[in-house]
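If you want the building blocks of each chain, they are given just below.
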Amino acid sequence: MSLPEHLETLRTRVVIEKDSVHNVSSSDYPHQYPGIDSSWNLEKFKEQFQVKINRLSDLEMEFDLIGVDASIANAFRRILLAEVATMAIEKVYVMNNTSIIQDEVLAHRLGLIPIKADPLLFDFKGEEDGPTDLNTIVFKLNVKCERKEGAPKGATDPKDLYTNSQVLSKDLVWEPKGEQAERFADDPIRPVLDDILIAKLRPGQEIDVELHCHKGVGKEHAKWSPVATASYRLLPEIKILKPITGADATKFQKCFPPGVIDIVEENGEKLAKVVNARKDTVSREVLRHKEFEDKVRLTRVRDHFIFNIESAGAIPPQDLFVQAVGVLIEKIKAIKPALAQATGESA
């Protein structure tokens, strides 16, 4: 049994009005709509659930997550931000720092440099644990600024006048411990980027520190967050209810970002057509014009998420999502016995 159109919209769409948004909460639960069985069904979920990768690069991935509730999509977002582990500089041992940057500020800057190391190959280091090659990565940073001999006369650029006028992330030197040299021979541990500015020095100033990287998660400190951002938005949907023609079609097209609306010729007349609604930013500009009243309806598909992951560089974005799924599975495994015990069922 199919629902009337207005009830189907209420069940599956978020409706965008000029000054409000309706149907933001899911109403997909049993006995809500006559003739529609909304009880949980694994086979039905498998049929509806989809993951489609639309764009993938070294640092970014955009994919469609279809057929899940907003709570699940948001769980992945939060896990990506705060619960997927990475390696980051945690301990900074200062032997000498005569730069103008205080030790605490220098340590904070160093901690935020993303480290290219697979966290799955390391253990978490407890408070009482000593450093080992399985829980600690060691870097040395020893840079001293001096005047250049034979600098061009009249030069004003510090790069021409001094050596090591800038301390960059490429100056971090990895010191393998234990069996790390063999384990990471094919992919040596290093900062993700070489050109991150740490400090500026002038003649006579020096930084000499030893850095220890540990495994951690973003909820403890942002330096362990593996992503620059993880976000999602609902798929926009634009329905033209009545033909929009002539000069109105051109005006209608300008109400949306480029590529959303196209103008075609039908019977010698301009006609507006929706060609790619996913490019729409849902600015609602079209709803501000009286000539389009009752001619267009803006909605968003409630269970279709356009997900974007931007990696900080330590872990490829496609691996980040897989690891986030793994974290969620472990959480479910932990809570399932407690839930079973509370309901008197077998886990």
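Residues numbered from 1 in each chain as written. Predicted model: local features only at pLDDT ≥ 70, side-chain atom pairs only at ≥ 80, totals over all residues. Heavy atoms only, no water.

A.B. asks: Please set out the overall build of the protein chain residue by residue, giving values where relevant.
C.D. replies: When its secondary structure is counted, the protein chain shows eight helices and 18 strands. In terms of overall dimensions, the protein chain has a C-alpha envelope of 80 × 70 × 35 Å along the principal axes. Per-residue burial for the protein chain yields a buried fraction of 37% across its 347 residues. Considering only intrachain contacts with a sequence separation of at least 6, the fraction spanning at least 24 residues in the protein chain is 73%. For the protein chain, the accessible area works out to roughly 20100 Å², and carbon and sulfur atoms hold 50% of it. (Helix = DSSP H or I, 4+ residues; strand = E, 2+ residues; numbered from the N terminus. Buried < 20%, exposed > 50% of the residue type's maximum accessible area, 1.4 Å probe, protein only. Contact = heavy atoms within 4.5 Å. Areas by Shrake-Rupley, 256 points an atom, 1.4 Å probe, with all protein chains shown as cover.)

A.B. asks: Describe the pattern of salt bridges, listing the residues and the values that go with them.
C.D. replies: All chains considered together, the criterion is met by 17 salt bridges. Two residues, Glu-266 and Lys-273, come together in a salt bridge whose shortest N-O distance is 3.9 Å. Several salt bridges converge on common partners, so that one network encompasses Arg-55, Glu-60, Glu-62, Asp-64 and Arg-278. (Salt bridge = Lys/Arg side-chain N within 4 Å of Asp/Glu carboxyl O.)

A.B. asks: With reference to specific residues and values, describe the sheet that holds strand E11 (residues 173–174).
C.D. replies: Strand order in the open sheet made by the four strands is E5-E14-E7-E11, with antiparallel pairing throughout. Only two strands of the sheet have a single partner each, and these edge strands are strand E5 (86–97) and E11. Relative to E11, strand E7 (residues 137–144) runs antiparallel, the two sharing two bridges. Bridging across to E11, Phe-139 finds its partner in Trp-174. Sheet strands in contact with helix H4 (residues 103–111) are E5, E7 and strand E14 (206–216), and its direction is about 150° off that of E5. (Pairing = 2+ DSSP bridges. Axes fitted to C-alpha atoms, helices over the stretch in contact; angles between N-to-C directions.)

A.B. asks: Describe the nonpolar core, naming the residues involved and giving the relevant values.
C.D. replies: Within the largest apolar cluster, 39 residues are counted, with the highest numbers of intra-cluster contacts made by Leu-65, Phe-252, Phe-256, Val-286 and Ile-309. Looking at this core, the elements that each hand over two or more residues are strand E1 (13–16), strand E4 (60–66), helix H3 (70–82), strand E15 (227–240), helix H7 (246–254), strand E18 (296–311) and helix H8 (317–343). Apart from the residues within four sequence positions on either side, Phe-252 is in contact with Ile-240, Ile-244, Ile-261, Ala-272, Val-286, Phe-292 and Val-296. (Core = buried A, V, L, I, M, F, W, Y, C linked by side-chain atoms within 4.5 Å.)

A.B. asks: Before we move on, can you summarise the environment of Ile-72 with the specific residues and values?
C.D. replies: Along the chain, Ile-72 falls in helix H3. Here Ile-72 falls in the partly exposed class, since its relative accessible area comes to 35%. For the pair Ile-72 and Phe-49, spaced 23 residues apart in the sequence, the C-alpha separation amounts to 12 Å.

A.B. asks: Lay out the packing of H3 against H8 in plain terms, naming residues and giving numbers.
C.D. replies: For the pair H3 and H8, interaxial distance at closest approach is 9 Å and the crossing angle is 105°. When the axis of H3 is compared with that of H8, the two are roughly perpendicular. On H8, the residues touching Ala-75, Phe-76, Ile-79 and Leu-80 of H3 are Leu-320, Phe-321, Ala-324, Val-325, Val-327, Leu-328 and Lys-331. Tallied by class, residues from the contact of H3 with H8 come to 10 nonpolar, no polar and one charged. (Parallel < 35°, antiparallel > 145°, perpendicular 65-115°, else oblique. Nonpolar A, V, L, I, M, F, W, Y, C, P; charged D, E, K, R; others polar.)

A.B. asks: A description of the UniProt feature "domain: DNA-directed RNA polymerase RpoA/D/Rpb3-type" (unreviewed entry) in the protein chain should follow, citing residues and the corresponding values.
C.D. replies: In the numbering adopted here, UniProt assigns the feature "domain: DNA-directed RNA polymerase RpoA/D/Rpb3-type" (unreviewed entry) to residues 60–338. Taken as a whole, residues 60–338 contains 22% helix and 35% strand, while its terminal C-alpha atoms sit 37 Å from one another. (UniProt positions renumbered as here; feature names shortened; annotations may be inferred.)

A.B. asks: Explain the domain arrangement of the protein chain to me, using residue names and the numbers behind them.
C.D. replies: Domain annotation for the protein chain reports domain 1 (5–82 + 229–241 + 295–308) and domain 2 (86–222). Centre-to-centre, using C-alpha coordinates, domain 1 lies 43 Å away from domain 2. (Domains from an automatic or database assignment.)

A.B. asks: Pulling in residues and values, what's your account of the packing of aromatic side chains?
C.D. replies: When we look at a pair of aromatic rings, we describe it by the centre distance and by the angle of the planes. Evaluation of the coordinates by the stated rule reveals 12 aromatic pairs. On the numbers, 6.4 Å between centres and 85° between planes, the contact of Trp-174 with Phe-184 is edge-to-face. Residue Trp-174 is located in strand E11, and its partner Phe-184 is located in the loop between helix H6 (180–183) and strand E12 (190–191); the two are separated by 10 residues in the primary sequence. For the pair Trp-174 and Phe-184, a shared accessibility class is recorded, and that class is buried. Seen from their ring centres, Tyr-232 and Phe-307 are 5.7 Å apart, and the 35° between their planes marks the pair as tilted. Taken together, the residues span a long stretch of sequence, with Tyr-232 in strand E15 and Phe-307 in strand E18 at a distance of 75 residues. One aromatic cluster is present, formed by Phe-63, Phe-76, Tyr-232, Phe-305, Phe-307 and Phe-321 through successive ring pairs. Here the basic side chain of Arg-183 rests over the ring of Phe-122, its NZ or CZ set 5.4 Å away from the ring centre. Sitting over the ring of Trp-224, Lys-223 keeps its end group 4.9 Å from the ring centre. (Phe/Tyr/Trp six-rings, centres within 6.5 Å; stacked < 30°, edge-to-face > 60°. Lys NZ or Arg CZ within 6 Å of the ring centre and 35° of its normal.)

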